[in-house]
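Working through the structure, step by step
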Amino acid sequence: MKLSVVILNYNVCHFLELCLKSVVTATSKIDAEIIVVDNQSSDDSCHMIKTRFPEVTLIENTANYGFSKGNNIGVSRAKGEYVCILNPDTVVTEDTFLSVLKFADKQDRLGIVGCKLIDGTGAFLPESKRYVPTPAVALKKILGDTDSYYVNTIEENVIGPVPILVGAFMIIKRDVYNAVNGFDEDFFMYGEDIDLSYKILKAGFQNFYFGATTVIHFKGESTCRNKDYAKRFNGAMQIFYKKHFSKNLLLETLISLVVKGLIVLNLQPSVDKRDVKSIVMVSNRKYKLIESVLPFSLIYKSKIEEVADHQQLILDNNMLTFRQIVSILEIHANNKTLTYRILPRESDFLIGSDNAVSKGIVIHF
């Protein structure tokens, strides 16, 4: 078997459904399996998988084991030469796995391959390619200097070696994953992708950013950015520093003080509100039920020739491919007034996210 796609899920049923539809399509020409590990979700995730995706291997954990242990459980069941660690709030395109695997097969001492990630508005996510966050680099990042944190020397659509990749999308040979003992289960959530990337580098493998394919990562759906997030992330980074670096009491104290200050202040990321003044349905059919749940009359178009400010585009996956949907987001990414909703194929809901830090939006009809 060529590829095992491992998806760890926790209470994101609708995003998972969209993700699985994209993965099923993207693996149709590959000898592949899809494994979903559910960390004791309280929503309908498991029922949805059993009824709509019977071909998917479902592992139902009896507790929330966190990101590291949950993914390790999934990989332990995998049979593929390669493993893809994939977030449930992602959308891959029809050629994502094909193009990444073609590249991977040509590399020697290959570690992890990541790809270009965009959020639900088409904005590039800079954490797609990062440097090793040493304590000094992390302190600069916390204070607002990201030049030594994100790899800006490699352009978004280019392929090149980078040290650290993000756990939302990672492709790695299963043998390499097992050789470094997978994700360190001392990390419950956050930091485990940094740790795995760094372990693989230290083992003599090379990680790559593959900017020739794009994946949507709604991102905000998985985690709300609040003081609890700051505490968990700070704890994860402390584990990383103790594991990989000589103790630097001054830097660690400075980082801890800054993070504690942020926790006390409970500062929230600034979010630009994107007002909607019109809604365009990109489809070759009409949807009366959708019209009934929206605040504006729908404008129907079978293709997008131009957009207006403050429009919301509903992208019909019954007509548009995942590649076409991603391309629309990328083409109009510079227009910061646009919002998007996706109608997954053969589904009764619209889904999307208007920024990278807030929970996503699901509209039933």
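Here the residue index of a chain counts from 1 through its sequence in written order. Given that the model is predicted, a residue must reach a pLDDT of at least 70 before its local features are reported, and side-chain atom pairs must reach 80 or more before they are shown or counted; all residues, however, enter totals for whole chains, interfaces and linings. To obtain the side-chain values, all non-hydrogen atoms of the structure were included, while hydrogens and water were left out.

Here an axis means a line fitted to C-alpha atoms, over the contact stretch when the element is a helix, while the angle between two N-to-C directions is reported on a 0 to 180 degree scale. Runs of H or I in DSSP of at least four residues are treated as helices and runs of E of at least two as strands, each being numbered from the N terminus. Interaxial distance between helix α1 (residues 13-26) and helix α2 (residues 45-52) falls to 9 Å at its minimum, and their mutual angle equals 30°. Taken as axis vectors, α1 and α2 run roughly parallel relative to one another. Crossing of α1 against α2: the hand is right-handed. In this structure, α1 uses C13, L16, E17 and L20 to contact α2, whose residues at the interface are S45, M48, I49 and R52. A class-by-class count of the residues in the contact of α1 with α2 yields five nonpolar, one polar and two charged. Small angles under 35 degrees read as roughly parallel and large ones over 145 as roughly antiparallel, with 65 to 115 read as roughly perpendicular and the rest as oblique. A crossing counts as left-handed when the near helix is turned anticlockwise from the far one by less than a right angle, and as right-handed when that turn is clockwise. When checking whether two residues touch, look at their non-hydrogen atoms; a contact exists if any pair is within 4.5 Å. Only Asp, Glu, Lys and Arg are considered charged in this grouping, and only Ala, Val, Leu, Ile, Met, Phe, Trp, Tyr, Cys and Pro are considered nonpolar; every other residue, Gly among them, is considered polar.

It is worth spelling out the packing of aromatic side chains at this point. Note on aromatic contacts: the rings of Phe and Tyr and the six-membered ring of Trp form a pair at centre separations within 6.5 Å, being stacked when their planes are under 30 degrees apart, edge-to-face when over 60 apart, and tilted otherwise. This structure, assessed with the given rule, holds seven aromatic pairs. Ring centres of F97 and F169 lie 6.4 Å apart, and the angle between their planes is 15°; this geometry places the pair in the stacked category. Of this pair, F97 sits in helix α4 (residues 96-104) while F169 sits in strand β8 (residues 169-173), and the two are 72 residues apart along the sequence. When sorted by exposure, F97 lands in the same class as F169, which is buried. Aromatic side chains Y177 and F183 sit 5.8 Å apart centroid to centroid with 80° between the ring planes, which places their arrangement in the edge-to-face category. Per residue, the accessibility class of Y177 equals that of F183, and both read buried. Through pairs of rings, three or more aromatic residues link up here, namely F67, Y177 and F183. Any Lys NZ or Arg CZ found within 6 Å of a ring centre and within 35 degrees of that ring's normal is scored as a charge over the ring. When the ring centre of Y65 is taken as reference, the NZ or CZ atom of K69 above it lies at 4.3 Å. Partly exposed describes any residue whose relative accessible area lies between the buried limit of under 20% and the exposed limit of over 50%, with all areas from a 1.4 Å probe on protein chains only and scaled to the type maximum.

Take the side chain of D184 next. Structurally, the position occupied by D184 is in the loop between α6 (174-179) and α7 (192-202). N or O atoms within 3.5 Å of each other form a polar contact, as long as, within protein, one can give a hydrogen and the other can take it, and as long as residues adjacent in sequence are counted only when both atoms are side-chain atoms. For D184, the side chain forms a polar contact with the main-chain nitrogen of D186, separated by 2.8 Å. The residues contacting D184, other than those within four sequence positions of it, are S68, D195, K199 and K243.

Moving on, we come to helix α11 (residues 322-331). Buried within α11 we find F322, I325, V326, I328 and L329. Down the axis of α11, the sector holding all buried residues measures 155°, keeping them to one side. Where α11 is buried, its residues contact α1, β5 (90-91), β6 (110-118), β9 (206-217), β12 (311-316) and β13 (339-343). Taking the helix axis as origin, the arc is that swept by the directions to the C-beta atoms.

We define a salt bridge as a contact between a side-chain nitrogen of Lys or Arg and a carboxyl oxygen of Asp or Glu at a distance within 4 Å. According to the stated counting rule, one finds eleven salt bridges in the structure shown. The salt bridge involving R130 is made with D193; its shortest N-O contact spans 3.4 Å. With R130 in the loop between β6 and α5 (135-142) and D193 in helix α7, the pair connects residues that are 63 residues apart, well separated along the chain. Of the residues examined, R130 reaches a relative accessible area of 6% and is grouped as buried. In this structure, the salt-bridge partner of R323 is E330, at a minimum N-O distance of 3.1 Å. The partly exposed category is assigned to R323, whose relative accessible area is 23%. One connected set of salt bridges, linked through shared partners, spans K116, E156, R323 and E330.

A few words on the nonpolar core. General note: in soluble globular proteins, nonpolar side chains tend to be found buried as a group. Take the buried residues of types Ala, Val, Leu, Ile, Met, Phe, Trp, Tyr and Cys, join any two whose side-chain atoms come within 4.5 Å, and each joined set is a nonpolar core. If you look at the biggest cluster of nonpolar residues, it comprises 38 residues, and the most contacted ones within it are I7, L20, V23, L86, F97 and F169. The greatest single-element share of this core, amounting to six residues, is contributed by α1. Not counting chain neighbours up to four residues away, the residues in contact with I7 comprise L16, C19, L20, V23, I34, I35, V36, V37, L86, N87 and P88.

On to the side chain of S128, then. Topologically, S128 is positioned in the loop between β6 and α5. Residue S128 is classed as buried on the basis of its relative accessible area, which comes to 1%. Not counting residues within four places of it along the chain, the set of residues in contact with S128 comprises C115, K116, L117, I164, L165, V166 and Y209.

Quick look at unusual backbone geometry now. Not every positive phi belongs to a glycine, and Q40 is a case in point at roughly 60°. Mapped onto the fold, Q40 is located in the loop between β2 (32-38) and α2. We classify Q40 as partly exposed; its relative accessible area is 46%. The backbone phi angle of R109 is positive, close to 50°, even though this residue is not glycine. Relative to the helices and strands, R109 is located in the loop between α4 and β6. Under the relative-accessibility criterion, R109 is labelled partly exposed at 49%.

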